[in-house]
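# Structural overview
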Protein chains: 4
Amino acid sequence: MSEYTPLSLQQINSAMEHMAFNHFMGMRVTEVFDDGLTIECDVTPHHFNGDGVVHGGVTATLADSAMGVALVRHFGGKIRAATVEMKINYFRPILGTKISARCKLVRMGSKICVGTVDIYDDAANHAGLALLTYMIIGPRG
Amino acid sequence: MSEYTPLSLQQINSAMEHMAFNHFMGMRVTEVFDDGLTIECDVTPHHFNGDGVVHGGVTATLADSAMGVALVRHFGGKIRAATVEMKINYFRPILGTKISARCKLVRMGSKICVGTVDIYDDAANHAGLALLTYMIIGPRG
Amino acid sequence: MSEYTPLSLQQINSAMEHMAFNHFMGMRVTEVFDDGLTIECDVTPHHFNGDGVVHGGVTATLADSAMGVALVRHFGGKIRAATVEMKINYFRPILGTKISARCKLVRMGSKICVGTVDIYDDAANHAGLALLTYMIIGPRG
Amino acid sequence: MSEYTPLSLQQINSAMEHMAFNHFMGMRVTEVFDDGLTIECDVTPHHFNGDGVVHGGVTATLADSAMGVALVRHFGGKIRAATVEMKINYFRPILGTKISARCKLVRMGSKICVGTVDIYDDAANHAGLALLTYMIIGPRG
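The following refers to the structure shown. (Residues numbered from 1 in each chain as written. Chains lettered and ligands numbered in written order. Predicted model: local features only at pLDDT ≥ 70, side-chain atom pairs only at ≥ 80, totals over all residues. Heavy atoms only, no water.)

Along its length, chain A carries three helices and six strands. The linear arrangement of helices and strands in chain A, starting from the amino end, is α-α-β-β-α-β-β-β-β. The C-alpha radius of gyration of chain A comes to 14 Å, within 12% of the 14 Å expected for a compact globule of 141 residues. The C-alpha extent of chain A, read off along each of the three principal axes, is 45 × 25 × 25 Å. Across the 141 residues of chain A, 57% fall into the buried class. Contacts spanning at least 24 positions in sequence make up 63% of the contacts within chain A whose residues lie at least 6 apart. As displayed, chain A offers around 5,700 Å² of accessible surface, 52% of which is attributable to carbon and sulfur atoms. Computed over 12 positive and 13 negative side-chain charges, the inter-centroid distance for chain A is 7 Å. (Helix = DSSP H or I, 4+ residues; strand = E, 2+ residues; numbered from the N terminus. Rg over C-alpha atoms; globule rule 2.2 N^0.38 Å. Buried < 20%, exposed > 50% of the residue type's maximum accessible area, 1.4 Å probe, protein only. Contact = heavy atoms within 4.5 Å. Areas by Shrake-Rupley, 256 points an atom, 1.4 Å probe, with all protein chains shown as cover. Lys, Arg positive; Asp, Glu negative; His and termini not counted. Charge placed at Lys NZ, Arg CZ, Asp CG, Glu CD.)

Okay, here's the thing in structure tokens:
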């Protein structure tokens, strides 16, 4: 049982407004779960690569954000964590107007947290899977 | 010995203008090498995360772009390749005004290409390291 | 719908007898599923590292084997595939007498197959998670 | 400048004798460097997979061992560290009688250490590349 009270959907979306790159990319949390959350990003023409599909960096950003925001929420905004490393597999090109990312916090250690992020396109195709490691830095000022 | 003539610095930067997200993020190739290239990104306040440092997704985008663009250059713009997967380790927060990414193409197979990308901040601190797998899709357009 | 008939539990264990390192390590398939299988390894003192717990290489071997064997089974023994890359997170030291690995085939493309492998110790603790990429080489001899 | 005196080649090989799985697999350190070391493993028929080449788990074991042993050496045997995660790319099948693994410690933080391991077969072909994350646990009893 965690000593922290997870943020509500409204609270975590309010916190997102102060995360510049997430805001810049057009992300929002759409659903929260006991073990994580789902984040979405509207795809714009700015997000394409030279082949006319969503740039892998956009998808990687969504994965990293989903895990980072899931940790902010999990710890009630009271703990600072940082990405140690991220690994992401791409299953198919993303062509539609929206990407969603479902983060599950898989292992919450005292120092290291591990999560997965499943990526879906707007037709609910499974478009990628990430496995991420975060480190707890300390209390958030 | 490759059957392709690598693009020049000017040619690869011209090609970059048609890569929407790379352009949107403010990237340019600054140096080319026999085994890869260096790409840079100006850091703007839009690129920060909630802790006031560069978002991990920005760095991951730079890593993926460095490898993708290095492949476009290597194959003289004639071959299409796609990211199979990317793994990136973050060594330290990035605070400055510029990030650079040096891609080295490590293994060029007939189907699979593997590369590393070293990330540096504007004080030349080693800020991260990525290991990426691309798949050759076929001739470009 | 796959054109291949998956091997039965008995068939895949018979095939395992010709996989030298899997045999050497004491592995067997214990259960098969629509989307993968579970493989187990008896832990012996030979498998320990210098800290008296199971060596990370043993766990990585189990993960790679679980995915490789799941692909042999999925394709009815008719397709040869090779590991492109593997990534594994370790959640806790493994101390007991048995490790099990549950592979799920997540993405079966025409060239690239991706799977996850959850690792458990003999007290059913979640001890690790791997994400692997295989490439289809061609028909098996 | 580290406060620790790195172990000599003889000292680290003596320490290896107490690492059961490394001993079982036939590993030895063959060279030490300022930034890491090289470890070798004699390939035996026990190490093959079902396709008659070295099992990916053997190569992954060598990579994990190279980094673990490089850390034992770096810290003069006085610090305990554990693998957080490992990622390894395989470039080609390994057929010969020996594998070698050159670990470079790339980032030594106060909590997290990152290294690369280049894998070579006995004809000096570049056969793989790993990127690993270790966590410092504390003083070694």
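All names here are of chain C. Mapped onto the elements, Leu 95 comes out in the loop between strand S3 (79-90) and strand S4 (98-108). The spatial distance from the C-alpha of Leu 95 to the C-alpha of Ala 123 is 9.8 Å, given a sequence separation of 28 residues. When near neighbours in sequence (up to four residues on either side) are disregarded, Leu 95 contacts Gly 52 and Val 53.

Of the residues lining the interface, seven residues belong to chain B; the matching set on chain C comes to eight residues. In terms of surface lost to chain C, no three residues of chain B exceed Lys 111, Ile 112 and Met 135 of chain B, which account for 49% of the buried area on that side. At the boundary of chain B and chain C, one finds zero salt bridges. Summed over the shared surface of chain B and chain C, the number is zero residue pairs in polar contact (both at pLDDT 80 or more). Elements with a contribution of two residues or more to the side of chain B that touches chain C: strand S3 (79-90) and strand S6 (126-139) of chain B. The element best represented in the side of chain B that touches chain C is S6 of chain B, accounting for three residues. Taken together, the residues of the side of chain B that touches chain C break down into four nonpolar, one polar and two charged. (Buried area = accessible area lost by both parts, 1.4 Å probe. Salt bridge = Lys/Arg side-chain N within 4 Å of Asp/Glu carboxyl O. Polar contact = N/O pair within 3.5 Å; in protein donor to acceptor, adjacent residues only side chain to side chain. Nonpolar A, V, L, I, M, F, W, Y, C, P; charged D, E, K, R; others polar.)

Within the open sheet, the 12 strands sit side by side as S1(C)-S2(C)-S4(C)-S5(C)-S6(C)-S3(C)-S3(D)-S6(D)-S5(D)-S4(D)-S2(D)-S1(D). Their pairing is antiparallel. Edge positions in the open sheet fall to strand S1 (27-33) of chain C together with strand S1 (27-33) of chain D, since each of these has one partner strand only. Between one strand axis and the next, the sheet turns by 25° as a mean value, whatever way the strands run. As judged from the seven bridges shared by strand S2 (residues 36-42) of chain C and S4 of chain C, these two strands associate in the antiparallel manner. By the bridge assignment, Thr 38 of chain C is partnered in S4 of chain C with Arg 102 of chain C. (Pairing = 2+ DSSP bridges. Axes fitted to C-alpha atoms, helices over the stretch in contact; angles between N-to-C directions.)

Turning our eyes to something else, we now look at the packing of helix H3 (residues 56-74) of chain C against helix H3 (residues 56-74) of chain D. Relative to each other, H3 of chain C and H3 of chain D sit at 150°, their axes nearing to 8 Å. The angle between H3 of chain C and H3 of chain D falls in the class roughly antiparallel. Considering only the axes of H3 of chain C and H3 of chain D, their crossing is right-handed. Between H3 of chain C and H3 of chain D, the contacting residues are Gly 56, Gly 57, Val 58, Ala 60, Thr 61 and Asp 64 of chain C on the first element and Gly 56, Gly 57, Val 58, Ala 60, Thr 61 and Asp 64 of chain D on the second. Broken down by class, the residue content of the contact of H3 of chain C with H3 of chain D amounts to four nonpolar, six polar and two charged. (Parallel < 35°, antiparallel > 145°, perpendicular 65-115°, else oblique. Left-handed = near helix turned anticlockwise from the far one by under 90°.)

Let us look at unusual backbone geometry. All names here are of chain C. Backbone geometry places Ala 124, a non-glycine residue, at a positive phi of 65°. Within the secondary structure layout, Ala 124 lies in the loop between strand S5 (112-121) and strand S6 (126-139). Among the residues examined, Ala 124 registers a relative accessible area of 58% and is labelled exposed.

Right, let's get into the side chain of His 55 of chain B. Inspection of the secondary structure puts His 55 of chain B in the loop between strand S2 (36-42) and helix H3 (56-74). For His 55 of chain B, the side chain forms a polar contact with the side chain of Ser 65 of chain A, separated by 2.8 Å.

Least-squares fitting of chain A to chain B yields an RMSD of 0.1 Å, with the transformation described by 0.0 Å of translation along the axis and a rotation of 180°. Put plainly, the chains are arranged around a two-fold axis. Across chain A, the smallest distance between a C-alpha and the rotation axis is recorded for Lys 87 of chain A, namely 2.0 Å. Interface overlap between copies: 100% of the residues of chain A at the interface are likewise at the interface in chain B, consistent with a symmetric, same-surface contact. (Least-squares fit on C-alpha atoms with pLDDT ≥ 70 in both.)

Here we have 12 strands laid out as an open sheet, ordered S1(A)-S2(A)-S4(A)-S5(A)-S6(A)-S3(A)-S3(B)-S6(B)-S5(B)-S4(B)-S2(B)-S1(B), and antiparallel in their pairing. Each edge of the open sheet carries a strand with a single partner, namely strand S1 (27-33) of chain A together with strand S1 (27-33) of chain B. The mean inter-strand angle of the sheet, taken between neighbouring strand axes irrespective of direction, is 25°. Where strand S5 (residues 112-121) of chain A lies against strand S6 (residues 126-139) of chain A, nine bridges are found, and the strand directions are antiparallel. For Gly 115 of chain A, the partnering residue across the bridge sits in S6 of chain A and is Leu 132 of chain A. Across the face of the sheet, helix H1 (residues 9-16) of chain A comes into contact with S1 and strand S2 (36-42) of chain A while running at roughly 155° to S1 of chain A. Each of S1 and S2 of chain B touches helix H1 (residues 9-16) of chain B; the most contacted strand, S1 of chain B, lies at about 155° to it.

Per the stated rule, a full pass over the model turns up 10 aromatic pairs over all chains. Each ring, one from Phe 21 of chain C and one from Phe 24 of chain C, has its centre 6.2 Å from the other, and the planes form 35°; the classification is tilted. You can see Phe 21 of chain C and its partner Phe 24 of chain C sitting in helix H2 (residues 20-24), three residues apart, about one turn around the helix. According to the relative accessible area criterion, Phe 24 of chain C is partly exposed, its value standing at 24%. Members of the aromatic cluster, connected to one another through ring pairs, are Phe 21 and Phe 24 of chain A together with Phe 21 and Phe 24 of chain B. (Phe/Tyr/Trp six-rings, centres within 6.5 Å; stacked < 30°, edge-to-face > 60°.)

Another point: the pattern of salt bridges. In the structure shown here, the tally under the stated rule is 32 salt bridges over all chains. Lys 87 of chain B serves as the salt-bridge partner of Glu 85 of chain A, at 2.7 Å between the closest nitrogen and oxygen. Of this pair, Glu 85 of chain A sits in strand S3 (residues 79-90) while Lys 87 of chain B sits in strand S3, which puts the two residues in different chains. An identical accessibility class is assigned to Glu 85 of chain A and Lys 87 of chain B; each is buried. In this structure, Arg 102 of chain D and Asp 35 of chain D form a salt bridge, with 3.0 Å as the shortest nitrogen-oxygen distance. One end of the pair, Arg 102 of chain D, is in strand S4 (residues 98-108); the other, Asp 35 of chain D, is in the loop between S1 and strand S2 (36-42), and 67 residues separate them in sequence. Arg 102 of chain D sits in the buried class, given a relative accessible area of 15%. Where salt bridges share partners, they join Arg 28, Glu 40, Asp 42 and Lys 98 of chain A into one cluster.

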